[in-house]
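An overview of the molecular structure
The chain contents come next:
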Amino acid sequence: MTGSTVSRRAFGNLIRELRDRAGKTLLAAGLEAEVSRMTIQRMEDGWATKISTMQLGSLLDFYGADAGSRSEALALWGEVREQAKVERLQGNSKGFWKSYTDQIAPNFPKFLRLESIAESVITYQPTMIPGLLQTPGYRRAIISINEPGLSAVDMERRLELTEKRKLVLDTGFQLEAFISEAVLCHLPGDLAVMADQLRNLAEIGGTVRLRVVPFRAGPHRGLTMQGFSLLQFPDSTHGMPLPPVVFAEGALGSTFHEHEEELSEYREAIENLRTVALSEEGSRDLMLRVAKEYAA
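In this convention, every chain numbers its residues from 1, walking through the sequence in written order. Only residues with pLDDT of at least 70 are given local features in this predicted model, and only at 80 or more are side-chain atom pairs given and counted; all residues enter the totals for whole chains, interfaces and linings. Side-chain calculation: all heavy atoms of the structure are included, whereas hydrogens and water are not.

Scanning the chain from N- to C-terminus turns up 12 helices and 6 strands. With 296 residues in all, the chain has 48% of them scored as buried. The protein chains shown are the only cover counted for residues, whose accessible areas, like all others here, come from Shrake-Rupley with a 1.4 Å probe. Counting only carbon and sulfur atoms, one obtains 53% of the accessible surface of the chain, whose full area is about 14600 Å². Counting from the N terminus, the helices are DSSP H or I runs at least four residues long and the strands are E runs at least two residues long. Using a 1.4 Å probe on the protein chains alone, a residue whose accessible area is under 20% of its type maximum counts as buried, one over 50% counts as exposed, and one in between counts as partly exposed.

What follows is the structure, encoded as structure tokens:
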């Protein structure tokens, strides 16, 4: 699944670049290929679509692709088709989150798909523990706040999804997380839940780097930003570098940012956070101290 998803995203990025360079709209491209505007959008976003090689050729002609770009697009397209064929035979073409789509926000499957193929993620969370680092008790408390009437069955399904997400941490995946000191003070659950969560964070090691941004850090970009995650990807098997993506979380929804001018803003914020955050050791000491207070 991972190889095919990476290739699809590399292919989609190239096709979007060719369309933008040609000054063609999604609607015009869809009319040329005799598919919907949404189908072109999904293809460019790296989702599986029912586009034929003949339709792709028509699009490349429509975009005025030069010989080099055409060859690269067709090579990537060949990778996508071959890898998808293998996955169908193996029966693993669906992501682990597919059976939980009724439990998550409409655009969260896209984030989970990208997270599953990322080689590293840098995240900043000003109000709560990052999802990949939440204990079951903490996660249960968060869900109960958002949906107090959720059935026991659906609660367990959401907890299962969280645990399956965490498996990525065993694959060499790199996670650099910044949390506001406020996160240590918020109590979505009772004191025992928070004590357990903070002790768990303090013991995390391996490929996870966790740092706390203290209250007295002074002016920094995190003060004016909501939570976000910057996902970075390995090159496709064709060797094409994949640009990073930012998943920005809001009070009533979330969005993805892929344009360089947007990404540069988040990179600047990350560098700022690295400057003002406590060291990993200092963060660990603070979390253990607060956990001890909660457990007293």
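We are not done yet, so read on.
Every buried residue belonging to helix α4 (residues 53–62) is among Gln55, Leu56, Gly57, Leu59 and Leu60, and all of these are buried. Phi turns positive, to about 65°, at Gly64, one or two residues after α4.

Take the environment of Arg37 next. As for its position among the elements, Arg37 is in helix α3 (residues 37–44). Taking the C-alpha atoms as reference points, Arg37 and Leu26, 11 residues apart in sequence, are found 5.4 Å from one another.

Moving on, we come to the nonpolar core. Of all hydrophobic cores here, the largest spans 63 residues; its most connected members are Phe11, Ile15, Leu133, Leu184, Leu198, Leu231 and Phe233. Non-local contacts of Leu198, meaning those with residues more than four positions away in its chain, are made with Leu184, Met287, Val290, Ala291 and Tyr294. Among the nonpolar cores identified, the runner-up in size contains 17 residues, and Val213, Leu230, Leu263 and Ile270 belong to it. Throughout this description, the term nonpolar core refers to a set of buried Ala, Val, Leu, Ile, Met, Phe, Trp, Tyr and Cys residues connected via side-chain atoms within 4.5 Å. In what follows, a contact means two residues having at least one pair of non-hydrogen atoms within 4.5 Å.

All right, on to the packing of aromatic side chains then. Each aromatic pair joins two rings of Phe, Tyr and Trp (for Trp, the six-membered one) with centres within 6.5 Å, and gets the label stacked for planes under 30 degrees apart, edge-to-face for over 60, and tilted for any other angle. On inspection of all chains with the given rule, the structure shows 8 aromatic pairs. The interplanar angle of 40° and the centroid separation of 6.1 Å between the aromatic rings of Phe62 and Tyr63 together place this pair among those described as tilted. Since its relative accessible area comes to 6%, Tyr63 is described here as buried. The interplanar angle of 20° and the centroid separation of 5.2 Å between the aromatic rings of Phe108 and Phe111 together place this pair among those described as stacked. Highlighted residues: Phe108 and Phe111, both in helix α6 (residues 108–117), separated by 3 residues, approximately one helical turn. Grouping residues by exposure puts Phe108 and Phe111 together as buried.

We count a salt bridge whenever a side-chain nitrogen from Lys or Arg sits within 4 Å of a carboxyl oxygen from Asp or Glu. Inspection of the entire model under this criterion finds 17 salt bridges. Notably, a salt bridge pairs Asp102 with Arg157, separated by 2.9 Å at the nearest N-O pair. A residue pair is termed long-range when its members are at least 10 positions apart, and Asp102 in the loop between α5 (67–90) and α6 and Arg157 in helix α8 (residues 152–165) qualify at 55 residues. Between Glu260 and Arg267 there is a salt bridge, with its nearest N and O atoms 2.8 Å apart.

Glancing now at α3. Thr39, Ile40, Met43 and Glu44 are the residues of α3 that are buried. Angular distribution of buried residues about the axis of α3 spans 135°; they occupy a single face of the element. Gly46 lies just past α3 and shows a positive phi near 90°. By definition, the arc is the one covered by directions from the helix axis to the C-beta atoms.

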